[in-house]
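# Structural overview for review
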Amino acid sequence: MPVTERLYYSDSHLIEFEARVVDLTDRVSGWTAVVLDRTAFYPTGGGQPSDTGTLDGARVVECIDDGDSGVLHVVQGAAPSRGAAVKGRVDWSRRLDHMQQHTGQHILSQALVKLFNAPTRSFRVLDASCEIDVELNNPTTEIIERAVELANNVIWEDREIAVLNVTSDQAAELPLRKEPARDGELRLIQIEDFDLTPCGGTHAYRTGEVGMIAVRSWERAKGLTRIEFVAGVRALADYRKANKSAREVAALFSTGRDDAPQVAAQMIEEHKDLNRRIRVLEEIAAGGEAEKLLARAEDGVVSEIFDGRDAESLKKLAHALIANSPTVALLASRDRDTARLVFARSADASGDMSALMREACAMLDGRGGGRPDMAQGGGKNVDRLPEALTRALTLLKGAS
Ligand SMILES: [Zn+2]
């Protein structure tokens, strides 16, 4: 005779019960583990987290299945004494949530077997959703949604869910969805004309109590398909969250929720077109700017420091400058914490841009390099940028 009679086996909706304390042990956490002669608390197992609740005044924070030694109720606060009669109360909202997820999993798993012969290998209840790993090779939106539709039809048909206790010999004759994990007497969960599988968890009385099932996402993982789903209260919470994000995104585009994807796609296209036009205009602007700089250049050398220009913009200007022969362009730009340099020369001008760049960057505590006719670099020591550019200019003049 096991130490703890498990009341949740025969009634998943029983949340208040009376019991006697048969054992007490101290936990490393400083809390106490209480063993009762009977309990309605479900301990962690089979992918389903444990119940929480109260034992008299003490808070039950977790329940652990200790096999034949019973169910350990880990309590925070004053534990009842050995032999005492206690009143237990299971947190119903948490139990209902777990039953909906767990029963929903039975239904979704069987829908995947019936439609695609794809058995479920594992199941987990996560904080806000659930996961199953399924032997499904080619998941597509259509395949997943067909399973979701069948599962929801089974829910809305409000089929009866029965618990059958059978011997392993009897079980061997039955069409079980999965192999029993243990020998001896078995507890089977039967969903009317739909599913039969061994399980020790807590389940809804009827499928309607699950409410609905929705799949959030799926991915291939370790040769299986991992499906993330939500059932019951979690499906509503997830809908609210998804609806809120979708409406917020739509508001950014000043449109309705259902039109947002199309409007967003249009704006992305417009954005790409604008970027292409900006690049063309930059070329034109760089040509005009180059003309002005060349007009006041000495010996075909342009040396200039700008504020807040990126490397791409400096390169465009350098190209526009060296299109005129013979020209050397020593260009720099700075913002608060970065200095950028681009050095370039036309084919008929002299000077090793790469060597000049290395010298200049060393003074900026940075790095740079490139080819003899085109080099770029930068550094953190922004204050020394004028000095670094003068140094490059001096080296260039000394070499020519
Ligand atoms: Zn189950």
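Residues numbered from 1 in each chain as written. Predicted model: local features only at pLDDT ≥ 70, side-chain atom pairs only at ≥ 80, totals over all residues. Heavy atoms only, no water.

Secondary structure assignment for the protein yields nine helices and 20 strands. A principal-axis box enclosing the C-alpha atoms of the protein has dimensions of 100 × 50 × 40 Å. Residue burial in the protein is summarised as follows: out of 400 residues, 42% are buried. Residue pairs at least 24 apart in sequence account for 59% of intrachain contacts in the protein once pairs closer than 6 positions are excluded. Summing over all exposed atoms, the protein offers an accessible surface of approximately 21400 Å²; the carbon and sulfur share of this is 49%. Here the protein contributes 50 positive and 62 negative side-chain charges, whose respective centroids are spaced 4 Å apart. (Helix = DSSP H or I, 4+ residues; strand = E, 2+ residues; numbered from the N terminus. Buried < 20%, exposed > 50% of the residue type's maximum accessible area, 1.4 Å probe, protein only. Contact = heavy atoms within 4.5 Å. Areas by Shrake-Rupley, 256 points an atom, 1.4 Å probe, with all protein chains shown as cover. Lys, Arg positive; Asp, Glu negative; His and termini not counted. Charge placed at Lys NZ, Arg CZ, Asp CG, Glu CD.)

In this section: the layout of surface pockets. One number sums up the size of the largest pocket: a volume of about 1100 Å³. Around the largest pocket, the lining comprises 40 residues; the ones closest to its centre are Tyr9, Arg182, Cys199, Gly200 and Gly201. Breaking the lining of the largest pocket down by element, the ones donating at least two residues are strand E1 (5-6), helix H1 (7-10), helix H2 (92-116), strand E9 (120-125), strand E11 (161-166), strand E12 (186-191) and strand E13 (195-198). Ranked by residue count, the leading element in the lining of the largest pocket is E9, at four residues. (1 Å grid on protein atoms, 1.4 Å probe; cavity = no way out; pocket = protein on both sides within 12 Å on 5 of 7 lines; lining within 4 Å. Points joined across faces, edges and corners; volume = space filled by probe spheres on them.)

With that out of the way, let us pick up the sheet that holds E12. Ordered by their spatial adjacency, three strands build an open sheet running E11-E12-E13, and the pairing between neighbours is antiparallel. Lying at the two open borders of the sheet, with one neighbouring strand each, are E11 and E13. Between one strand axis and the next, the sheet turns through 25° on average, direction left out of account. Here E12 pairs with E13 via four bridges, running antiparallel. Bridge pairing in E13 places Leu188 opposite Pro198. (Pairing = 2+ DSSP bridges. Axes fitted to C-alpha atoms, helices over the stretch in contact; angles between N-to-C directions.)

As judged from the five bridges shared by E9 and strand E10 (residues 130-134), these two strands associate in the antiparallel manner. From the neighbouring strand, Thr120 faces E10, where its bridge partner is Val134. Remark: four residues form the turn of the hairpin made by E9 and E10, two consecutive strands paired antiparallel.

Below, the discussion takes up the coordination of the zinc ion. The zinc ion binds to the protein through His102 (NE2), His106 (NE2), Cys199 (SG) and His203 (NE2); the donor distances cover 1.8 to 2.2 Å. Considering all four donor atoms around the zinc ion, the spread of angles at the metal, 100 to 121°, places the coordination shape in the tetrahedral class. (Donors = N, O, S within 2.8 Å, 3.2 Å for Na, K, Ca; no water. Tetrahedral: all angles 85-135°; square planar, octahedral: opposite > 155°, others 65-115°.)

Turning to helix H8 (residues 353-363), its buried residues number three or more, namely Met353, Ser354, Leu356, Met357, Ala360, Cys361 and Met363. Just downstream of H8, Asp365 is the residue with a positive phi angle, here 55°.

The six strands are arranged E2-E3-E7-E6-E5-E8 in a closed barrel whose pairing can be described as antiparallel. In this sheet, neighbouring strand axes are inclined to one another by 45° on average, regardless of whether the strands run parallel or antiparallel. The pairing of strand E5 (residues 53-55) with strand E8 (residues 85-90) spans three bridges and is classified as antiparallel. Within E8, the position partnered with Gly53 by the bridge is Val90.

Here we come to the packing of aromatic side chains. On inspection of all chains with the given rule, the structure shows four aromatic pairs. Arranged with centres 5.9 Å apart and planes meeting at 80°, the rings of Phe17 and Phe41 form a pair that is edge-to-face. Of this pair, Phe17 sits in strand E2 (residues 16-26) while Phe41 sits in the loop between strand E4 (38-39) and E5, and the two are 24 residues apart along the sequence. For the pair formed by Phe17 and Phe41, the shared burial category is buried. Across the ring face of Phe306, the terminal group of Arg309 is positioned such that the distance to the ring centre comes to 4.5 Å. (Phe/Tyr/Trp six-rings, centres within 6.5 Å; stacked < 30°, edge-to-face > 60°. Lys NZ or Arg CZ within 6 Å of the ring centre and 35° of its normal.)

Where a protein is soluble and globular, its nonpolar side chains tend to be buried together. Core analysis: the largest hydrophobic core is formed by 29 residues, its most contacted members being Ile107, Leu108, Leu112, Ile132, Ile213 and Phe229. If you list the elements that add at least two residues to this core, you get H2, E9, E10, helix H3 (141-156), E12, strand E14 (213-221) and strand E15 (224-231). Examining the composition of this core, we find that six residues originate from one element, H3, more than from any other. If you look at the next biggest cluster of nonpolar residues, it comprises 21 residues, including Leu341, Phe343, Met357 and Ala388. (Core = buried A, V, L, I, M, F, W, Y, C linked by side-chain atoms within 4.5 Å.)

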